[in-house]
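Listed below, chain by chain, are the residues.
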Amino acid sequence: MRVPLLDLVSQYKQIQDQLEPLLLQVLRSGNYIMGEQVKSFEESSARYLSAKHCISCANGSDALYVSLLALDIGPGDEVITTPFTYIASSEAIDQAGAKPVFADIDLNTFNIDPKKLKEKINSKTKAIIVVHLFGQCAAMDEILGIAKEFNIKVIEDTAQAFGAVYYGGKFDAIKAGTMGDIGTFSFYPTKNLSCAGDGGLICTNSDELAKRLRRIKAHGSERRYYHTELGVNSRLDEVQAAVLNIKLAFIDEWNAKRATNADIYYEELRDLERLACIKLPQRAAYSSHIFHQFSILVSPSAENSSELRNNLKDFLAKHEIGSEIYYPVALHMQEVYQHFNFKDKDFPEAFKASQSVLSIPVHPDLSREQVLFVCETIKDFFRNLKGDAILRNSLESHVA
């Protein structure tokens, strides 16, 4: 049985009859930039997110960079973010001329730990980029409380959490990306809401910020050929907006299917967690989880967790099951940041995650049989571990 990590072809077939006529209409219109599809998507996404303003842009990385520029963050400033995420989050800080500062994660949720965050704040700190990793919100009540205490801005990197809902004390069922000063989104093809190439979105409830964000993403111009500041060229095209307009109507259904698949994993793999073979991702009480990825930790307490994780990945591949390591090298250990002279244990939880994390298929086009096959294959891997008869016997009694 083949189980891909992601199946965009199956997803496309679901919406093919709606999407192809719309794409043909766009192509025949001759209007490919800043047209009706872009306008419609900005309005629809604002309604979905309950955000006052949604500004489309070319990709999620630009969304972060433009947001930093709109907040006047540049040389001499520091921005705190997580060391366990894709590099776009810290890369944008460098591109703006500021210094990225890392705060360690909570290994249960993979998100930035508010207790570690507060330790990193000083007089140069101007903002926090919070990443809602793998589809679950970070602890925003605590984070926003810290930001208010020190008068610093909050950007939510929501590239992996479109549609996730926060239920914290200050908020009543508010969408991820709408709690801070600015929220950013990516619609790269692997995202839970994706287009057919690159695409991005910025949202804010501030009229002043919205005006500036729109200006910066269009060469610093509000009126053609009149430029009030330096900006960038970051426009979502009509074709990508058309794809997003169709897919937006399905996002809650697709997110619910991801959660259903995750429920099977929690049920079928809990005995492996009891035996410390794996650690399942924790679902926080304050947030829904849309499971952009279902990421387990493979024997995180073992000294050879990285080797075991890699062996499990290979074992799954031999059985035609897709998996991926997000992320094998924490940001503080990337070559590009070697000038900071970080050691792996400077951020021990992020380092531990990088050594043992493995994401397994959870996308909405999976059948129950496919998910169960993944579970059984993971159990087989641990049953077959050579030289560990005690573990093998324990597994047989728990997961036979």
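You'll find the structure just up there.
Quick notes on the rules
Residues numbered from 1 in each chain as written. Predicted model: local features only at pLDDT ≥ 70, side-chain atom pairs only at ≥ 80, totals over all residues. Heavy atoms only, no water. Helix = DSSP H or I, 4+ residues; strand = E, 2+ residues; numbered from the N terminus. Rg over C-alpha atoms; globule rule 2.2 N^0.38 Å. Buried < 20%, exposed > 50% of the residue type's maximum accessible area, 1.4 Å probe, protein only. Contact = heavy atoms within 4.5 Å. Areas by Shrake-Rupley, 256 points an atom, 1.4 Å probe, with all protein chains shown as cover. Lys, Arg positive; Asp, Glu negative; His and termini not counted. Charge placed at Lys NZ, Arg CZ, Asp CG, Glu CD. Core = buried A, V, L, I, M, F, W, Y, C linked by side-chain atoms within 4.5 Å. Salt bridge = Lys/Arg side-chain N within 4 Å of Asp/Glu carboxyl O. Pairing = 2+ DSSP bridges. Right-handed = clockwise from strand over helix to strand, strands pointing away. Axes fitted to C-alpha atoms, helices over the stretch in contact; angles between N-to-C directions. Phe/Tyr/Trp six-rings, centres within 6.5 Å; stacked < 30°, edge-to-face > 60°. Lys NZ or Arg CZ within 6 Å of the ring centre and 35° of its normal. Parallel < 35°, antiparallel > 145°, perpendicular 65-115°, else oblique. Left-handed = near helix turned anticlockwise from the far one by under 90°. Nonpolar A, V, L, I, M, F, W, Y, C, P; charged D, E, K, R; others polar.

Asker: Lay out the overall build of the protein chain with the relevant residues and their values.
Answerer: A tally of helices and strands in the protein chain yields 13 helices and 14 strands. Computed over its C-alpha atoms, the radius of gyration of the protein chain comes to 22 Å, within 12% of the 21 Å expected for a compact globule of 400 residues. Taking the principal axes of the C-alpha coordinates as reference, the protein chain spans close to 75 × 55 × 40 Å. When each of the 400 residues of the protein chain is scored for burial, the buried share is 57%. The contacts of the protein chain with a sequence gap of at least 6 include a subset with a gap of at least 24, amounting to 71%. As displayed, the protein chain has an accessible area near 17500 Å², and 48% of this comes from carbon and sulfur atoms. Looking at the protein chain, you have 44 positive and 52 negative side-chain charges, and the mean spots of the two groups are 2 Å apart.

Asker: How would you summarise the nonpolar core if you had to cite specific residues and measurements?
Answerer: For soluble globular proteins, the rule of thumb is that nonpolar side chains tend to be buried together. Counting residues in hydrophobic clusters, the biggest one holds 73 residues, and the most contacted among them are Phe84 and Phe294. Ignoring anything within four residues of it in the chain, the contact list for Phe294 reads Ala262, Tyr265, Tyr266, Leu280, Pro281, Leu358, Ser359, Ile360 and Val362. In terms of nonpolar packing, the next biggest core, distinct from the first, is built from 29 residues, Phe185, Phe187, Val243 and Phe250 among them.

Asker: Can you break down helix α4 (residues 88–95) residue by residue, with the values?
Answerer: Listing the buried residues of α4 in full gives Ala88, Ser89, Ser90, Ala92 and Ile93. Next to the buried residues of α4 lie α3 (60–70), β2 (78–81), β3 (99–102), β4 (125–131) and β5 (153–157). Directly beyond the C-terminal end of α4, a positive phi value near 95° is found at Gly97.

Asker: Go over the pattern of salt bridges with me, naming the residues and quoting the values.
Answerer: For the coordinates displayed, the defined rule picks out 16 salt bridges. Lys52 is the partner of Asp207 in a salt bridge, and the nearest nitrogen-oxygen pair spans 3.0 Å. Taken together, the positions of Asp207 in helix α7 (residues 207–216) and Lys52 in the loop between α2 (36–49) and β1 (53–57) put the pair 155 residues apart, joining distant regions of the chain. On the accessibility criterion, Asp207 (43% relative accessible area) is partly exposed. Here Arg383 and Glu376 are joined by a salt bridge, their closest N and O atoms 3.1 Å apart. Salt bridges sharing partners connect three or more residues here, namely Asp72, Arg212, Arg215, Glu222 and Glu229.

Asker: I'd like to hear about the pairing of β2, residue by residue, with values.
Answerer: Neither face of β2 is open: one carries Glu78 and Ile80, the other Val79 and Thr81, and all of them are buried. In this structure, β2 lies alongside β3, joined through 4 bridges in parallel fashion. Note that in β3 the partner of Glu78 across the bridge is Lys99. At this point the chain moves from β2, through α4, to the parallel β3, and the crossover so formed is right-handed.

Asker: Residue-level account of the sheet that holds strand β9 (residues 200–204), with values.
Answerer: With respect to topology, 7 strands assemble into an open sheet ordered β1-β9-β8-β5-β4-β2-β3, the strand pairing being mixed. Sheet topology places β1 and β3 at the edges, where each strand pairs with a single neighbour. Sheet twist, expressed as the mean angle between neighbouring strand axes with direction ignored, is 25°. With 3 bridges joining them, β2 and β4 adopt parallel strand pairing. Looking across to β4, one finds that Ile80 is bridged to Ile128. Along the sheet, α2 makes contact with β1, β8 (182–186) and β9, crossing β1 at roughly 135°.

Asker: Residues and numbers for the packing of aromatic side chains, please.
Answerer: Applying the stated criterion across every chain yields a total of 24 aromatic pairs. Taken together, the ring pairs connect Phe41, Tyr48, Phe162, Phe185 and Phe187 into an aromatic cluster. Here Lys175 stacks its cationic end above the ring of Tyr48, 3.8 Å away from the centre of that ring. Positioned above the aromatic ring of Tyr226, the side-chain terminus of Arg223 is 4.0 Å from the ring centre.

Asker: Which residues make up the packing of α3 against α7, and what values do they have?
Answerer: At their nearest, the axes of α3 and α7 sit 9 Å apart, and the two run at 125° to each other. The orientation of α3 with respect to α7, classified from their angle, is oblique. The two elements α3 and α7 cross, and the hand of that crossing is right-handed. Contact with α3, carried on its side by Val66, Ser67, Leu69 and Ala70, involves Leu209, Arg212, Leu213 and Ile216 of α7 and no other residues of that element. A breakdown of the residues in the contact of α3 with α7 according to their chemical character gives 6 nonpolar, 1 polar and 1 charged.

Asker: Can you tell me about the pairing of β5, naming the residues and giving the values?
Answerer: The element β5 is largely enclosed, with a buried count of 4 among its 5 residues. When β4 meets β5, the two strands line up parallel, connected through 5 bridges. Directly across from Ile129, in β5, lies its bridge partner Ile155. Taking the sense of rotation as the criterion, the β-α-β connection linking β4, helix α6 (residues 140–150) and β5 turns out right-handed. One ladder, built from 3 bridges, connects β5 with β8; its direction is parallel. Residue pairing for β8: Asp157 is matched across the bridge by Thr184.

What is shown is where atoms sit, not what they do.
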